[in-house]
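As a plain string of letters, each chain reads:
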Amino acid sequence: MDLTLKIWRQKGPEDKGGMVTYPISNISGHMSFLEMIDVLNEELINKGDEPVAFDHDCREGICGMCSMYINGEAHGPDRGVTTCQLHMRMFKDGDTIHIEPFRSDSFPVIKDLVVDRSSFERIQQAGGFISVNTSGNTQDANSIPIGKEDADNAMDAATCIGCGACVATCKNSSAMLFVGAKVAQYSLLPQGQVEAKDRVLNMVKQMDLEGFGNCTNTGACEVECPKGISLKNIAIMNTEYLKASI
Amino acid sequence: MSGFITSSIGKKILMALSGFFLMFFLLQHLIINFMSVISADLFNETSEFMGTNPLVQYLMQPILFFGIIYHLVMGMRLDLQNRKARTSKYVMNKPGENSSWMSRNMIITGITILLFIALHMVDFFFPTIKAHYITHEHLDSFQMVAAKFTNPVYFGIYTLAFIALALHLLHGFQSSFQSVGFNNKKYTPTLKKLGNAYAILIPFGYFVVAAFHYINSL
Ligand code: HEM
Ligand code: SF4
Ligand code: FES
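Residues numbered from 1 in each chain as written. Chains lettered and ligands numbered in written order. Predicted model: local features only at pLDDT ≥ 70, side-chain atom pairs only at ≥ 80, totals over all residues. Heavy atoms only, no water.

1. Notes on the site of ligand 2
All names here are of chain A. Here is the rule we go by: By convention in this text, a residue qualifies as near a molecule or strand provided that one of its non-hydrogen atoms is within 4 Å of it. We count a stretch as a helix when DSSP gives it H or I for four or more residues in a row; a strand needs E for two or more, and each element gets its number in order from the N terminus. Under the scheme applied here, ten amino acids are nonpolar (Ala, Val, Leu, Ile, Met, Phe, Trp, Tyr, Cys and Pro), four are charged (Asp, Glu, Lys and Arg), and all others, including Gly, are polar.
For ligand 2, the set of nearby residues contains 13 residues, the closest of which are Cys-160, Cys-163, Gly-164, Cys-166 and Cys-225. Where the shell around ligand 2 is concerned, the elements lending two or more residues are α4 (165-169) and α5 (176-187). A class-by-class count of the residues in the shell around ligand 2 yields 11 nonpolar, two polar and no charged.

Dropping the structure here:
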């Protein structure tokens, strides 16, 4: 199929940036969205132009790097997929596709479609872990029985890949789905109880310091999240926060 | 505790609590309004009671004022803060694909309600306070209400405000439960239906009372 791409080009963090139009042809419906960008970049390089900078690593939906806002939606029009898993068959011959970086003041643009998501890492470092003595006589995790439902919910929360689509989508640029998942993942398990209080207080504090907006429960994040992280995790975080504050 | 009040989640929880309180108030206010449809005397007696009872005047009324002011000041502050969290806008954005109009426009429906509250205070609240505490004259509440609703423009403005209220509550009711951490596979779907019923029936009830007085005046 033949397509018209309108892509956000920005030379660096200080550059104003703007949309640039590129026609592209002979795109197969079997290609992934990133493969389509690869084709474009090959053409640009052959012409001696600057290729479009974008983040990617695993190309199978697990690393969370491929941050693109496609036709007004994070990771494009499909549900439950990352940009690298988005097939070109979701588009029609002759379509115009808008491609922008994930936008949030807490995710500053580095170049073109590449954004700096280290704010997520700082939140994670503030409490998204458990401390285990690794001296050699560490207790086997499986020796502590855990209810099936709690184990399932913790596992579901743990599937968050930290891609930032929730922030990119949210009208308030709120990170609560991400932080909710990271808090709930541990708070549902006995191993997470020891540091439960400090974890939620410190992670929320860091989240606020990073300048993310406040959740207004629009639910947009849950719809656009490639891993289907549920809003329930935000409710769990709010309860944990309340418990830790009183 | 001081960290709680200024944190994003603390503000959300307090926003929800003030929302709960306002929703409870709306129900109580509507019950009194309905008395004006049933009998003028009953309505006047109840208004007199509400206007003179010390518990209502010195405890419940201040709490209500605090609740409303907290809710609207916080609502506007949060909205401004949220706007600042994304200063460069998307060239192409499709929010309608993933969220409801009501959830995205709480500030618009909220400010509409605020303007209505201001008008409503000028119409009914201030005259009542004046009669009770300054001029000490007897006030016929029923007559005061009936007189206002002879004007079709008035009836129209009130109707618009009730629509804004319904839109605000269609998102607000279920949102406040999520904010205080209540999200349950079994009960949340029922709660959402209950919220939709509340959000439509309560403003509709207010509309019925206004329509009754307007039609009566024709
Ligand atoms: C009697 C009138 C009102 C009632 C019953 C009411 C009720 C509610 C409820 C239940 C919520 C949901 C809280 C939550 O999501 O946790 C809410 C949110 C909100 N209200 Fe109101 N409200 C009223 C008046 C107002 C006014 C006058 C404003 C003025 C600006 C306003 C602005 C907002 C905003 C911006 C939100 C969203 C904030 C958020 O979800 O964090 N509301 N309201
Ligand atoms: S919650 Fe979903 S959208 Fe947000 S970072 Fe995790 S995987 Fe991405
Ligand atoms: S490149 Fe790893 S999730 Fe898309």
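Back to the write-up after that little detour.
2. Here's the deal with the environment of A:Met90
All names here are of chain A. The criterion, for reference: Classification of residues uses two cut-offs on accessible area relative to the type maximum, computed with a 1.4 Å probe and protein chains only: under 20% is buried, over 50% is exposed, and between them is partly exposed.
Summarising the element assignment, Met-90 is placed in the loop between β4 (73-74) and β5 (96-100). Here Met-90 falls in the partly exposed class, since its relative accessible area comes to 38%. For the pair Met-90 and Gly-76, spaced 14 residues apart in sequence, the C-alpha to C-alpha distance is 9.2 Å.

3. What about the interface of chain B and chain A?
Rules: Any pair of residues with heavy atoms lying within 4.5 Å of one another is described as a contacting pair. Defined in terms of a 1.4 Å probe, buried area is the accessible area two parts forfeit on being brought together, summed over both. Any Lys or Arg side-chain nitrogen found within 4 Å of a carboxyl oxygen on Asp or Glu counts as a salt bridge. Under the rule applied, a polar contact is a pair of N or O atoms within 3.5 Å (in protein, one hydrogen donor and one hydrogen acceptor; residues adjacent in sequence only if both atoms are side-chain atoms).
The interface of chain B with chain A comprises 38 residues on the first partner and 49 residues on the second. Between chain B and chain A the total buried area reaches about 3,400 Å² when both faces are included, carbon and sulfur atoms providing 50% of it. Across the contact surface, chain B and chain A share zero salt bridges. Across the contact surface, chain B and chain A share 30 residue pairs in polar contact (both at pLDDT 80 or more). Looking at the side of chain B that touches chain A residue by residue, the class counts come to 11 nonpolar, 18 polar and nine charged.

4. Some details on unusual backbone geometry
Residue and element names in this part refer to chain A. Even without being glycine, His-75 reaches a positive phi, approximately 60°. Here His-75 shows up in the loop between β4 and β5. The exposure class assigned to His-75 is buried, which follows from its relative accessible area of 1%.

5. Some thoughts on the site of ligand 1
Residues in contact with ligand 1 amount to 26 residues; listed here are only the nearest, B:Lys12, B:His71, B:His168, B:Ser175 and B:Ser179. The site occupied by ligand 1 is bordered by residues of chains A and B. Interatomic distance of 3.1 Å between a side-chain N/O atom of B:Lys12 and an oxygen atom of ligand 1. B:His71 has a polar side-chain atom sitting 2.7 Å from a nitrogen atom of ligand 1. For the shell around ligand 1, the elements supplying multiple residues, two or more each, are α2 (8-38), α4 (54-84), α6 (106-134) and α8 (152-179) of chain B. The dominant element in the shell around ligand 1, judged by the number of residues it contributes, is α2(B), at seven residues. Partitioning the shell around ligand 1 into residue classes produces 14 nonpolar, 11 polar and one charged.

6. Section: the coordination of the iron atom of ligand 1
Residue and element names in this part refer to chain B. Quick note on the threshold: Listed donor atoms are N, O and S within 2.8 Å of the metal (Na, K and Ca: 3.2 Å). As water is not included, a site may look incomplete. Site shape is set this way: if four donors have all angles between 85 and 135 degrees, tetrahedral; if opposite donors are over 155 degrees apart and all others between 65 and 115, square planar for four donors and octahedral for six; otherwise irregular.
With distances of 2.0 to 2.1 Å, the protein atoms coordinating the iron atom of ligand 1 are His-71 (NE2) and His-168 (NE2). With six donor atoms in place around the iron atom of ligand 1 and angles of 87 to 179° between them, the coordination shape is octahedral. Of this pair, His-71 sits in helix α4 while His-168 sits in helix α8; the two residues are 97 residues apart in sequence, bridging distant segments of the chain.

7. A look at the pairing of strand β1 (residues 3-9) of chain A
Taken residue by residue, a regular strand's side chains alternate between the two faces of the sheet. Residue and element names in this part refer to chain A. Short version of the rule: Here the rule is simple: two strands pair whenever DSSP picks up at least two bridges between them.
When you tally the buried positions in β1, you get five out of seven residues, the bulk of the element. Alignment of β1 against strand β2 (residues 18-24), held across seven bridges, turns out to be antiparallel. Bridging from a neighbouring strand, Leu-5 pairs with Tyr-22 of β2. Bridging between β1 and β5 involves four bridges; their strand directions are parallel. Note that in β5 the partner of Leu-5 across the bridge is Ile-97.

8. Focus on α6(B)
All names here are of chain B. How we decide: A residue's bend is given by the angle between axes fitted to the 7 residues ending at it and the 7 residues starting at it.
Along α6, the largest kink reaches about 45° and is centred on Met-121. Within α6, the full set of buried residues consists of Met-106, Ile-107, Thr-109, Ile-113, Phe-116, Met-121, Asp-123, Phe-124, Ala-131 and His-132. Residues of α6 that are buried make contact with α3 (40-52), α4, α5 (101-104), α7 (141-148) and α8. Of the residues flanking the end of α6, it is His-136, one or two places downstream, whose phi is positive at about 55°.

9. Thoughts on the packing of aromatic side chains
The following threshold applies: When two rings of Phe, Tyr or Trp (its six-membered ring) have centres within 6.5 Å they constitute a pair, described as stacked for plane angles under 30 degrees, edge-to-face for angles over 60, and tilted for the intermediate range. For a Lys NZ or an Arg CZ to count as sitting over a ring, it must be within 6 Å of the ring centre and within 35 degrees of the ring normal.
A complete count under the given rule lists 23 aromatic pairs over all chains for this structure. Aromatic ring contacts, followed pair by pair, group B:Phe116, B:Phe149, B:Tyr154, B:Tyr158, B:Phe162 and B:Tyr206 into a single cluster. One cation-aromatic arrangement involves A:Arg103 over A:Trp8; the distance from NZ or CZ to the ring centre is 4.1 Å.

10. Observations regarding a nonpolar patch on the surface
Residues and elements named next belong to chain B. Worth spelling out the cut-off: Residues enter patches when their relative accessible area tops 30% and they take part in no salt bridge; the joining distance is 9 Å for like charges and 5 Å for the nonpolar side chains Val, Leu, Ile, Met, Phe, Trp and Tyr. What sets the accessible areas is the Shrake-Rupley method with a 1.4 Å probe; for residues, cover comes only from the shown protein chains.
A cluster of nonpolar side chains, namely Leu-55, Leu-59, Met-60 and Ile-63, defines an oily patch on the protein surface of about 370 Å² accessible area. Within the secondary structure layout, Leu-59 lies in helix α4. Of the residues examined, Leu-59 reaches a relative accessible area of 46% and is grouped as partly exposed.

11. Let's talk about the domain arrangement of chain A
Residues and elements named next belong to chain A. For clarity, the cut-off: An automatic or database domain assignment provides the domain bounds reported here.
You can read the domains of chain A as domain 1 (3-111) and domain 2 (117-245). The straight-line distance from the C-alpha centre of domain 1 to that of domain 2 is 29 Å. Contact residues are listed per partner, giving 21 residues for domain 1 and 20 residues for domain 2. Where domain 1 abuts domain 2, roughly 1,500 Å² becomes buried across the two surfaces, and 51% of that area is made up of carbon and sulfur atoms. Three residues, Gly-64, Ser-106 and Phe-107, lead the burial of domain 1 against domain 2; their summed loss comes to 35% of the area buried on that side. Glu-224 serves as the salt-bridge partner of Arg-79, at 3.3 Å between the closest nitrogen and oxygen. Where domain 1 packs against domain 2, one counts nine residue pairs in polar contact (both at pLDDT 80 or more).

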